[in-house]
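Breakdown of the fold
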Amino acid sequence: IKLKYISLAILVVQNASLILSIRYVRTLPGDRFFTTSAVVMAEVLKVLTCETHTCAVHSERNLKEFIVLQYNSIVIQYKDTLKLAVPALIYTLQNNLQYVAISNLPAATFQVTYQLKILTTALFSVLMLRKSLSRIQWLSLLLLFAGVAIVQLEQEGKQKETTVTGPSQNYAKGLVAVIVSCLSSGFAGVYFEKILKGSSASVWMRNIQLGIFGTLLGLLGMWWNDGLAIAEKGFLFGYTPMVWGVIFNQAFGGLLVAVVVKYADNILKGFATSFSIIVSTVVSVYLFGFHVDLLFTLGAGLVIGAVYMYSLPKAAAPSPSTATLSSSSHSLADGAGDSETEAFLPKSVLVK
C-alpha cells in the first residue's frame, strides 16, 4: 500500500511538473533557449541512460558480449533497426510540437486537451491491433471529446485576454500543435507496441535504437529550423538551471514512470492523470494568473471523469482476440502486458 501511494505521488508530480516547468521557462523574460536543441539533448541523455543500464547488466558477465550484442542488434540486423525510424520520426515531431503547444497555450488548457491522446491511441489500437473496447470505455471517449470541446469553446472566448494569451503567443498555433501531437502520439505508440510484440529484442535495446534515430532526426530538425541562429549563438544558448531541469525531466521522467508503474494498478494510474490535471490548474492560477470559470470547470471535470472511467477494468475477462494492451513503459517495468490500454502514460520511455 505504501508503494502504491509513493507511485501515485511520483506519477502526479511527473505528469504535472513537466508541463508546468516548460510553460514557466517559455514565458520567462530574457533570452529563450532553442527548443529543438532541448529535444536533441533529451534524446542524447535517454540513449546514454539506456546504454548505461544495458552495459551494467552485461558487464557482470562480459563487456565484450555487450559490445557484440550492440553491434548485432543495431548494425547486423539493420532491417530490424530501420523499423524504428518511423516512430522515431513521429516522436521527434511530437516532442517539438509539445514545446510549441505549451508555449502558446495555458498549462491547464494544454493538460486537458492533451488527454485526447487517449482517444487517438484507442482508435489506432482498434484499427491497427484489432483491440476491443468495453462500452464504458467507448462512453468515456465520448465524454473525453465533449470535455475537451467545452474547454476549447471556453478558451476561444478568452483569446484576447492577457491572462490567457500574451502578445507573443498564438492560441490557434498552440491548438493545432497539441492536436497533431495527440494524433502522432497515438499512432507512434501503437506502432511501437506492434514492433515490440513482433520482436524478441528487449525494450531497452529498442529504446536505444529509437533514441539513435531520434537524435539524428532531432539534429536534422534543429538544423532546418534553427541552424543559422544556433551557429551564431551556440547550442546551449539560453540554457539556465531551470531549462536543464526541464530537459532532465523529459529525459528521465518516462524512465522513472516506467519503473514505478509496476507498483500501481490501472485505476491508480488513471487517478494520477486526473489528479495531475487538477494540480496543473491550481498551480496555473497562482503562477500564471490563469482564470478558472464554470465552463472550464465543467469541461475539465468531464475529462477527469473520462480518464478515470477509461482506466477501469473490464467487467469480463478478455479473450485472446481481445487481449489487453500495455504501454511500452509498462513493458519496461515488468516485461508483461496485463493492463488496459494505458494511453495516458508515455507510450515509450523516450516520450513524454
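Residues numbered from 1 in each chain as written. Predicted model: local features only at pLDDT ≥ 70, side-chain atom pairs only at ≥ 80, totals over all residues. Heavy atoms only, no water.

Okay, the UniProt feature "transmembrane region" (unreviewed entry) in the protein next. Within this numbering scheme, the UniProt entry marks residues 6–25, 136–153, 173–192, 204–224, 236–261, 268–288 and 294–312 as carrying the feature "transmembrane region" (unreviewed entry). Counting secondary structure, residues 173–192 comes out at 100% helix and 0% strand; the distance between its end C-alpha atoms is 28 Å. Across residues 204–224 one finds 100% helix and 0% strand; the C-alpha atoms that close the span lie 30 Å apart. (UniProt positions renumbered as here; feature names shortened; annotations may be inferred. Helix = DSSP H or I, 4+ residues; strand = E, 2+ residues; numbered from the N terminus.)

We now examine the packing of aromatic side chains. Evaluation of the coordinates by the stated rule reveals 11 aromatic pairs. Here Tyr239 and Trp244 contribute two aromatic rings whose centre-to-centre distance is 5.2 Å and whose plane-to-plane angle is 75°, an arrangement assigned as edge-to-face. Positioned above the aromatic ring of Phe33, the side-chain terminus of Arg26 is 5.2 Å from the ring centre. (Phe/Tyr/Trp six-rings, centres within 6.5 Å; stacked < 30°, edge-to-face > 60°. Lys NZ or Arg CZ within 6 Å of the ring centre and 35° of its normal.)

So, on to the side chain of Thr81. For Thr81, the position within the fold is in helix H4 (residues 78–82). Exposure remark for Thr81: the relative accessible area of 7% places this residue in the buried category. In this view, Thr81 contacts Ser73, Ile74, Gln209 and Phe213; residues no more than four positions away in its chain are not counted. (Buried < 20%, exposed > 50% of the residue type's maximum accessible area, 1.4 Å probe, protein only. Contact = heavy atoms within 4.5 Å.)

Let's shift gears to a nonpolar patch on the surface. Taken together, the side chains of Phe271, Phe275, Ile278, Val282, Val285, Tyr286, Val292 and Tyr308 make up a nonpolar region of the molecular surface, amounting to roughly 730 Å² of accessible area. Here the nonpolar patch takes six residues from helix H12 (residues 266–288), the largest share from any one element. Residue classification places Val282 among the partly exposed residues on the basis of a relative accessible area of 41%. (Patch = residues over 30% accessible without salt bridge, like charges linked within 9 Å, V, L, I, M, F, W, Y side chains within 5 Å. Areas by Shrake-Rupley, 256 points an atom, 1.4 Å probe, with all protein chains shown as cover. Salt bridge = Lys/Arg side-chain N within 4 Å of Asp/Glu carboxyl O.)

It is worth spelling out the packing of helix H5 (residues 85–104) against helix H9 (residues 171–197) at this point. For the pair H5 and H9, interaxial distance at closest approach is 8 Å and the crossing angle is 155°. As summarised for this structure, H5 and H9 are arranged roughly antiparallel, according to the angle between their axes. Considering how the two elements wind past one another, H5 and H9 form a crossing that is left-handed. (Axes fitted to C-alpha atoms, helices over the stretch in contact; angles between N-to-C directions. Parallel < 35°, antiparallel > 145°, perpendicular 65-115°, else oblique. Left-handed = near helix turned anticlockwise from the far one by under 90°.)

By size, the foremost hydrophobic cluster in this structure holds 50 residues, and its most contacted members are Phe110, Leu141, Leu144, Val178 and Ile247. The element best represented in this core is helix H13 (residues 294–311), accounting for seven residues. Beyond its immediate chain neighbours, meaning those up to four positions away, Val178 contacts Ala101, Leu105, Phe110, Thr113 and Tyr114. Of all hydrophobic cores here, the second largest spans 11 residues; its members include Ala88, Tyr91, Ala188 and Phe213. (Core = buried A, V, L, I, M, F, W, Y, C linked by side-chain atoms within 4.5 Å.)

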